[in-house]
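# A closer look at the structure
One letter stands for each residue in the lines below.
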Amino acid sequence: MAESERFREGLAARIARFDREGARQAAAKAEMERRQVLTFFPLESWGELELERYALGPDGRRSGLSFCRLLEYGTDNFGSIRGGSAAKHIIYQHWSGQWRIVPSALRGLDAEAAWAHLRSEFVTAFDAARSGAYELLDDLESLSYGQALTTKALAVYFPGEFLPVFSAAHVRHFTALLGGRAPERSSGVRTWRANRELLALLGELQEFQGWSPHEVMAFLYTFHDPRPHDRVVWKIAPGERAALWADCHQNRRIRIAWDEVGSLGQYESDQELKAALDRQWPRRTGGSLRLARQMLAFRDLERGDLIVANRGKSEVLAVGTVTGGYAYDLSELTHRHTVSVDWDTSYAQFFDAPRHAWQQTLARVPAALMREIRRGQSRNDAPRDWFDDTARAGATDVVEKDAAEENTGLPDAELPDDVRQVRDLLEHKGQVVLQGPPGTGKTRLALNVALALAGRAELIEASSSERSAALKELSAIPPAKDEAKETGESGAPGAARLTMVTFHPSYGYEDFVEGFRPDTAADGSGLHLEMKDGVFLRVCAAAKDFPEHTFLVVIDEINRGDLPRILGELITLLELDKRGSVSVTLPTSGRKITVPPNVRIIGTMNSADRSVGHIDSAIRRRFAFLDVSPDLDCLDGEIEGLGLASLLEGLNERLDAQFGPTHLLGQAYLISDDRPLATAEQLSHAFHHEIVPLVTDYCLGRPEMLRAVLGELVDNRTGRVVQTSPRDLPGILAKAFVSPGTVESADEDGMSIEPDWNEG
């Protein structure tokens, strides 16, 4: 069924359920915001508009309200362009006072000259829209660097000619939904042109005759929201010991600190924000990059995202739904980074055991923990609300739908983020290589994807025995039925739905595809050569007979094999558009084969392995590659006051400085039986017998490099790592790898001594 047919199916029923009156009220607010822009920035004033009246600049350094600030922060009802850096404004002033000019063609000019050129393009765009010559807009190259801003500006001044939706991805989603241009055919189409195309499609629908553009867009977002429903849930502490919770709850928002770095909108990358954090806290050892990424994720929270507010490591205060974008609130003395949130305090609860990862201000909430929080909410007979806010108008129910189909696994929204990402890459490309340092859980992730593809995702976070039993079942080759053998009809598959192989230097084409293999002669007289299918051909045969199942091949250490030799002519058939349609003739047997569309491949690759070369470029083009980084969020534990996440973070900071990001250590070295290490003895064993040998190998046996990484743990005389008592090791490691701002010394509430970095 075509997209447009699916959209029309049940359209009348959806319209009947739609709150059009609420949409009319929101449209009225949007019109008020639009008129405010016209008051401050009338169309006829643009020819003489000054740069400082246009540009977004450092908060508090300029009086008045700029056009860019008003469009990003003062007109949310009209349509949001929040999120991302200030680069979307084409020219803006950095916190340092330096003017940032985004278009490469203008960077050789000073700020005023660049602004004069950009201003002339805005004026040309407005003149073109006024005369209906919209084709002229595509010739304005500088405006193409800020298409969301430009489209919103056009919609403000010409509201009947543009829809109030400014995200290119959203416009393309709705366009495809209505039967227009498919997203993959939208490359190079400017957002303002795509917006006009969507407007024309909506104009053809009789059901929306008489509706305002804001009403129509409200309907589309209500029933056909393009934003993913599987977004990350964040835990965010409202100040030290939840000191800001009263303000956050009553004013429906969440606030975090680090005010010294200024508005997060001025940072275009995590490295740029990390540098700003390092300037403000030069004594901090490690962690700035992780914090920078968390803060940018906070900045880019979207309407509908979920937030868990906590106090300490054991208490949930509420679960909230984001209702507005990020802002830097100068009216507050501290904790100026804010996001609007609608809170639901019926989720308030205490955990049976502390969540040590919640020591930090910001932390991801895994799907399993979110399910636990929902279960805790359902057990609350009388939900407590500290502020007795019984009239919480417009509150959004943040409970996502439960797994209605228990026999098919978890709903998509509850899949772990990494599993969902790999699954989506497999659907897009057909095969994925997971690459990363040792211990990051690449093989485990591949097996988790196998469970998800088989509809057993609920076992991803089950006990080791349950998980192992499910994987054993998926890896078992069902016995062939006798009657199928006799009739030649398809019976049980000749390969398992999950097949694991390990590549190595002696692994060859005959193992993976086909070849002559030694076999016992029928008369018992000795050995003879027999043509046999390799692993992959057996999987393809089974997949062809059982198209309703997905067959997954997991190739461990994929880069240790000679891939061009192992895959041979199969590389032609791996591309999804050739699956099931294009065939090749195998040179050994002369058979023609195709690769069925229900076969998937996941390879794992250790990025620190120096013994192998790079993957052949022809093969690389046919695989998607995904970096699997150390997961600090799963190290929810501490030993004698030493936070395991902080330990690994500090150690990896040293390794990164010496060897780069390919030679880090993964979380698996600090995990046992799927749980973080719990005793000093376990930590001592892992450190001295697993971590130190690997770091020594990285350092090629050179004491000076080893000392640069492990510091005082290396004996100056022998150049070897000193042996310590297990009881003393946590304190020694904390001193070596955890800065004062990250030591998780906590009081009875689980609160850190250093609120700037750890607010629990």
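Residues numbered from 1 in each chain as written. Predicted model: local features only at pLDDT ≥ 70, side-chain atom pairs only at ≥ 80, totals over all residues. Heavy atoms only, no water.

### Brief notes about the overall build of the chain
Counting its regular elements, the chain contains 27 helices and 22 strands. For the chain, the share of sequence-separated contacts (at least 6 apart) that also reach a separation of at least 24 residues comes to 69%. Put simply, the chain shows about 34,300 Å² of open surface, and 49% of that area lies on carbon and sulfur atoms. (Helix = DSSP H or I, 4+ residues; strand = E, 2+ residues; numbered from the N terminus. Contact = heavy atoms within 4.5 Å. Areas by Shrake-Rupley, 256 points an atom, 1.4 Å probe, with all protein chains shown as cover.)

### Some words on the environment of Arg423
Of note, Arg423 is situated in helix H15 (residues 417-429). Under the relative-accessibility criterion, Arg423 is labelled buried at 19%. Put simply, Arg423 and Asn448 are 25 residues apart on the chain and 10.0 Å apart in space, counted from C-alpha to C-alpha. (Buried < 20%, exposed > 50% of the residue type's maximum accessible area, 1.4 Å probe, protein only.)

### Examining the nonpolar core
Ranked by internal contacts, the top residues of the largest apolar core, which has 81 residues, are Tyr54 and Phe67. By residue number, the principal contributor to this core is helix H6 (residues 111-131), which donates nine residues. Discounting residues that sit within four places of it in the chain, Tyr54 has contacts with Trp46, Leu49, Ser66, Phe67, Cys68, His89, Ile90, Ile91, Trp115, Leu118, Phe122 and Leu149. One finds Leu651, Leu655, Tyr698 and Val738 within the second-largest nonpolar core, a separate group that totals 40 residues. (Core = buried A, V, L, I, M, F, W, Y, C linked by side-chain atoms within 4.5 Å.)

### A word on the confidence of the model for the chain
When pLDDT is averaged across the chain, the result is 85; 86% of the residues are at 70 or more. Predicted confidence for residues 482-491 stays below pLDDT 50, and this span has seven contacts to residues more than four positions away or in other chains. (pLDDT = per-residue confidence, 0-100.)

### Brief notes about the environment of Phe166
Counting through the fold element by element, Phe166 comes out in the loop between helix H7 (147-157) and helix H8 (168-177). With a relative accessible area of 3%, Phe166 lands in the buried category. In the structure, Phe166 is positioned 16 residues away from Thr150 in sequence and 8.8 Å away in space, judged by C-alpha atoms. Each residue touching Phe166, except ones within four places of it in the same chain, is listed here: Phe78, Gly79, Ser80, Ile81, Ala148, Thr151, Lys152, Ala155 and Thr191.

### Topic: the pairing of strand E5 (residues 306-311)
Regular strands show a simple pattern: their side chains alternate between the two faces of the sheet. The buried fraction of E5 is high, at five of six residues. The pairing of strand E3 (residues 233-236) with E5 spans three bridges and is parallel. Bridge assignment links Ile236 to a residue of E5, and that residue is Ala309. In terms of strand pairing, E5 meets strand E6 (residues 315-328) through six bridges, oriented antiparallel. Each residue of the ladder has a partner; that of Val308, found in E6, is Val319. In sequence, E5 turns back onto E6 through a hairpin of three residues, with Gly312 there showing a positive phi of about 70°. (Pairing = 2+ DSSP bridges.)

### Remarks on helix H9 (residues 191-203)
The terminal C-alpha atoms of H9, which comprises 13 residues, lie 18 Å apart, in line with the 18 Å expected from a rise of 1.5 Å per residue. Within H9, the full set of buried residues consists of Thr191, Trp192, Ala194, Asn195, Leu198, Leu201 and Leu202. Structurally, H9 contributes buried residues whose contacts are with H7, H8 and helix H10 (213-223). (Expected span 1.5 Å × (residues − 1).)

### Regarding the pattern of salt bridges
Inspection of every chain in the model, using the stated rule, returns 44 salt bridges. The partner of Arg35 in a salt bridge is Glu31, with the nearest N and O atoms 3.0 Å apart. With a gap of four residues between them, Arg35 and Glu31 both fall in helix H3 (residues 20-40), about one helical turn apart. Exposure remark for Glu31: the relative accessible area of 28% places this residue in the partly exposed category. Across the pair Glu72 and Lys88 runs a salt bridge, and its minimum N-O distance is 3.1 Å. Taken together, the positions of Glu72 in helix H5 (residues 67-73) and Lys88 in the loop between H5 and strand E1 (91-93) put the pair 16 residues apart, joining distant regions of the chain. (Salt bridge = Lys/Arg side-chain N within 4 Å of Asp/Glu carboxyl O.)

### Quick look at the sheet that holds strand E14 (residues 551-556)
Read across the sheet, five strands follow the order E11-E14-E17-E10-E18 without closing on themselves; strand pairing throughout is parallel. Only two strands of the sheet have a single neighbouring strand rather than two, namely strand E11 (498-502) and strand E18 (624-627). For this sheet, the mean inter-axis angle between neighbouring strands, taken without regard to orientation, is 20°. Across five bridges, E14 lies against strand E17 (residues 599-606) in parallel orientation. Paired with Leu552 across the bridge in E17 is Arg600. Packed onto the sheet, H15 meets strand E10 (431-436), E17 and E18 and runs at close to 140° relative to E10. (Axes fitted to C-alpha atoms, helices over the stretch in contact; angles between N-to-C directions.)

### Some remarks on the packing of H3 against H7
Running from N to C, H3 and H7 point in directions that differ by 95°, and their axes come no closer than 9 Å. Looking at the two axes, H3 sits roughly perpendicular to H7. Contact with H3, carried on its side by Arg34, Val37 and Leu38, involves Ala155, Val156 and Tyr157 of H7 and no other residues of that element. Residue classes in the contact of H3 with H7 are distributed as five nonpolar, no polar and one charged. (Parallel < 35°, antiparallel > 145°, perpendicular 65-115°, else oblique. Nonpolar A, V, L, I, M, F, W, Y, C, P; charged D, E, K, R; others polar.)

### Some words on helix H24 (residues 644-659)
Taking 1.5 Å as the rise per residue, H24 with 16 residues should run 22 Å; its terminal C-alpha atoms sit 22 Å apart, in good agreement. Within the sequence span of H24, burial applies to Leu644, Ala645, Ser646, Leu647, Leu648, Glu649, Gly650, Leu651, Asn652, Leu655 and Phe659. Looking one or two places after H24, you find Gly660, whose phi comes out positive at around 95°.

### What about the side chain of Arg299?
Checked against the element boundaries, Arg299 lands in helix H13 (residues 288-299). The exposure class assigned to Arg299 is buried, which follows from its relative accessible area of 7%. Of the polar contacts made by the side chain of Arg299, one reaches the backbone oxygen of Leu264; its length is 3.1 Å. Here Tyr267 takes part through its backbone oxygen, which lies 2.9 Å from a polar atom of the side chain of Arg299. (Polar contact = N/O pair within 3.5 Å; in protein donor to acceptor, adjacent residues only side chain to side chain.)

### Topic: the side chain of His94
Within the fold, His94 resides in the loop between E1 and strand E2 (99-101). Separated by 3.1 Å, the side chains of His94 and Glu272 make a polar contact.

### Focus on unusual backbone geometry
Of note, the phi angle at Glu640 is positive, near 50°, even though the residue is not glycine. Relative to the helices and strands, Glu640 resides in the loop between strand E19 (638-639) and strand E20 (642-643). Residue class for Glu640 comes out exposed when judged on its relative accessible area of 66%. For Asp674, which is not glycine, the phi torsion reads 70° and is therefore positive. Within the secondary structure layout, Asp674 lies in the loop between strand E21 (671-672) and strand E22 (675-676). Among the residues examined, Asp674 registers a relative accessible area of 34% and is labelled partly exposed.

### Observations regarding the packing of H24 against helix H26 (residues 703-710)
For the pair H24 and H26, interaxial distance at closest approach is 8 Å and the crossing angle is 140°. With respect to each other, H24 and H26 are oriented oblique. Residues Leu651, Arg654, Leu655, Gln658 and Phe659 of H24 form the contact with H26, whose own contacting residues are Met705, Ala708, Val709 and Leu710. Taken together, the residues that form the contact of H24 with H26 break down as seven nonpolar, one polar and one charged.

### Focus: the packing of aromatic side chains
Taken as a whole and assessed by the stated rule, the structure comprises 28 aromatic pairs. With 5.7 Å between their ring centres and 15° between their planes, Phe18 and Trp211 make a pair best called stacked. Taken together, the positions of Phe18 in the loop between helix H2 (11-17) and H3 and Trp211 in the loop between H9 and H10 put the pair 193 residues apart, joining distant regions of the chain. We note that Phe18, like Trp211, is buried. Each ring, one from Phe174 and one from Tyr221, has its centre 5.1 Å from the other, and the planes form 85°; the classification is edge-to-face. Separated by 47 residues along the polypeptide, Phe174 in helix H8 and Tyr221 in helix H10 bring together distant segments of the chain. The buried category is assigned to Phe174, whose relative accessible area is 0%. (Phe/Tyr/Trp six-rings, centres within 6.5 Å; stacked < 30°, edge-to-face > 60°.)

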